[in-house]
Amino acid sequence: MKRYTEGPGRDRAMLRQALLALVLGLAAAAVSAQAGGSEESEAFKRARIRLDLAAAYFSEGKLDTALEEVKQALSTSPDLPQALNLRGLIYSQLGDEPLAEASFKRALDVAPRDADVMHNYGWFLCRRGRYPEADKLYAQALAIPTYRTPARTMLVRGICEARAGRLDAAEATLKQAYELDAGNPAIAMNLAEVLYRRGDYERARFHVRRVNGNAELRNAESLWLAARVEHRLGNSQGAIDLGNQLRSSYPDSRQARALERGAFDE
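Residues numbered from 1 in each chain as written. Predicted model: local features only at pLDDT ≥ 70, side-chain atom pairs only at ≥ 80, totals over all residues. Heavy atoms only, no water.

A. Examining the environment of Glu 179 more closely. Tracing the sequence through the fold places Glu 179 in helix H9 (residues 167–180). You can call Glu 179 exposed: its relative accessible area is 64%. Measuring from C-alpha to C-alpha, the distance between Glu 179 and Ala 151 comes to 8.7 Å, with 28 residues separating the pair along the chain. (Helix = DSSP H or I, 4+ residues; strand = E, 2+ residues; numbered from the N terminus. Buried < 20%, exposed > 50% of the residue type's maximum accessible area, 1.4 Å probe, protein only.)

B. Structural detail: the packing of helix H6 (residues 115–127) against helix H8 (residues 150–163). Their axes nearest at 10 Å, the elements H6 and H8 cross at an angle of 20°. Put simply, H6 runs roughly parallel to H8. As H6 packs across H8, the resulting crossing turns out to be left-handed. For the pair H6 and H8, the contacting residues are Asp 116, His 119, Asn 120, Trp 123, Cys 126 and Arg 127 in the first and Arg 152, Thr 153, Val 156, Ile 159, Cys 160 and Arg 163 in the second. (Axes fitted to C-alpha atoms, helices over the stretch in contact; angles between N-to-C directions. Parallel < 35°, antiparallel > 145°, perpendicular 65-115°, else oblique. Left-handed = near helix turned anticlockwise from the far one by under 90°. Contact = heavy atoms within 4.5 Å.)

C. Quick peek at the side chain of Arg 157. Mapped onto the elements, Arg 157 comes out in helix H8. Contacts of Arg 157, omitting those with residues within four sequence positions, involve Asp 135, Tyr 138, Ala 139, Leu 142 and Thr 173.

D. Broad picture of the nonpolar core. Among the nonpolar cores identified, the biggest contains 76 residues, and Leu 86 and Ile 90 are the most heavily contacted of them. Among all residues touching Ile 90, those that are not within four sequence positions of it are Phe 58, Leu 63, Ala 66, Leu 67 and Val 70. (Core = buried A, V, L, I, M, F, W, Y, C linked by side-chain atoms within 4.5 Å.)

E. Expanded view of the packing of aromatic side chains. All chains considered together, the criterion is met by 5 aromatic pairs. Each ring, one from Phe 104 and one from Tyr 121, has its centre 5.6 Å from the other, and the planes form 20°; the classification is stacked. Of this pair, Phe 104 sits in helix H5 (residues 97–110) while Tyr 121 sits in helix H6; the two residues are 17 residues apart in sequence, bridging distant segments of the chain. Taking relative accessible area as the criterion, Phe 104 reaches 1% and is therefore assigned buried. Each member of the aromatic cluster is reached from another via a ring pair, and the members are Phe 104, Tyr 121 and Phe 124. (Phe/Tyr/Trp six-rings, centres within 6.5 Å; stacked < 30°, edge-to-face > 60°.)

F. Spatial organisation of the state of the cysteines. What the rule picks out here adds up to 1 disulfide. In this model, Cys 126 is linked to Cys 160 through a disulfide, with the two sulfur atoms separated by 2.0 Å. Between Cys 126 and Cys 160, the S-S dihedral sits near -120°, and the bridge is therefore left-handed. A residue pair is termed long-range when its members are at least 10 positions apart, and Cys 126 in helix H6 and Cys 160 in helix H8 qualify at 34 residues. In terms of burial, Cys 126 and Cys 160 fall into one category: buried. (Disulfide = S-S within 2.5 Å.)

G. Up close: the environment of Ala 143. As for its position among the elements, Ala 143 is in the loop between helix H7 (131–142) and H8. Residue classification places Ala 143 among the exposed positions, given a relative accessible area of 57%. For the pair formed by Ala 143 and Arg 113, sequence separation is 30 residues and the distance between their alpha carbons is 9.8 Å.

H. Highlighting H7. Here H7 contains 12 residues, and its C-alpha end-to-end distance of 16 Å stays within 8% of the 16 Å for a straight helix at 1.5 Å per residue. Those residues of H7 that sit buried are Ala 134, Asp 135, Leu 137, Tyr 138 and Ala 141. With its buried residues spanning 160° around the axis, H7 presents them on a single face. Opposite the packed face of H7, turned more than 90 degrees from it, sit the exposed residues Pro 132 and Lys 136. Along its buried surface, H7 packs onto H5, H6 and H8. (Expected span 1.5 Å × (residues − 1). Arc of directions from axis to C-beta.)

Here is the structure:
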C-alpha cells in the first residue's frame, strides 16, 4: 500500500529518494574524479562499484550485505561522502543511532556543502524529534544554489515542521514544494493533511482530490483523509461514498478500522 504521510511506508519512500540522490551524487563525483589522474580514478572506480552494489542491496533490504559493501568502498576511498552517507542510512535502518549519526557527521566533515548528506542527516534527526537541528540542516541544503532536488527537502522539512506543531511554517514550506513539483503525491497529501489540521477544508479537498483522481496513487490514507474532509464540510453523502470505497478496497487497513469506529476526528 502506498503511504504518503505517517508511518514506515513514508520512511521507505524517503529512503528511495535518498538512494536516487546517492546515485546522482556518484555520477557527479565520477566526472570530477577523472581530473584526479588515472590512479585516483581507478581507486574511485573500485569504490563506486562497491557502492553501487551496496545501494542495490540496501534497496532490497539486505542491510548487512549492504554494510559490508560500503565498508569495502570505504577501505578504498575512506573519505567518499556518498559511502559515508549510505553508511549512515544503513546504520539508521539497523537501529544503531550512534554509528548512523557519526557517519553523517563524518560525511559533512569531508563534504560540508553536500546537500544530500544534509537532507538525510536532517531526516534522521527529525525522526528522533530533534526538530531544530533538522531544520537547520534543511535550511543549509536549500541555500546551496546547485542543489538538484530542493522539492524533496522542502517536503521533509514541511513534514518535520508539522510534527513539531509548526503548522503555519509547514504549510508555507509544503506550498513551496508543491510549486516546484505539483505532480508529487507525497507533497499533495502532506499539504492536504496540514491544511486539514489548520481547518482549511476546501483547500485540503483540492489537494487530496488530485491524488484520489489517479487510481494508481489512490490509497487507504488518501481516501480516509478525503472522507474526513467531506465530513468536516458537512457533505455526508460524499463522506459515505468515500468510506464505502475505503471499506471495499482496503478492508483491513488502519483507516478502515477508524471508519468503522466513526473516528472522523482522531
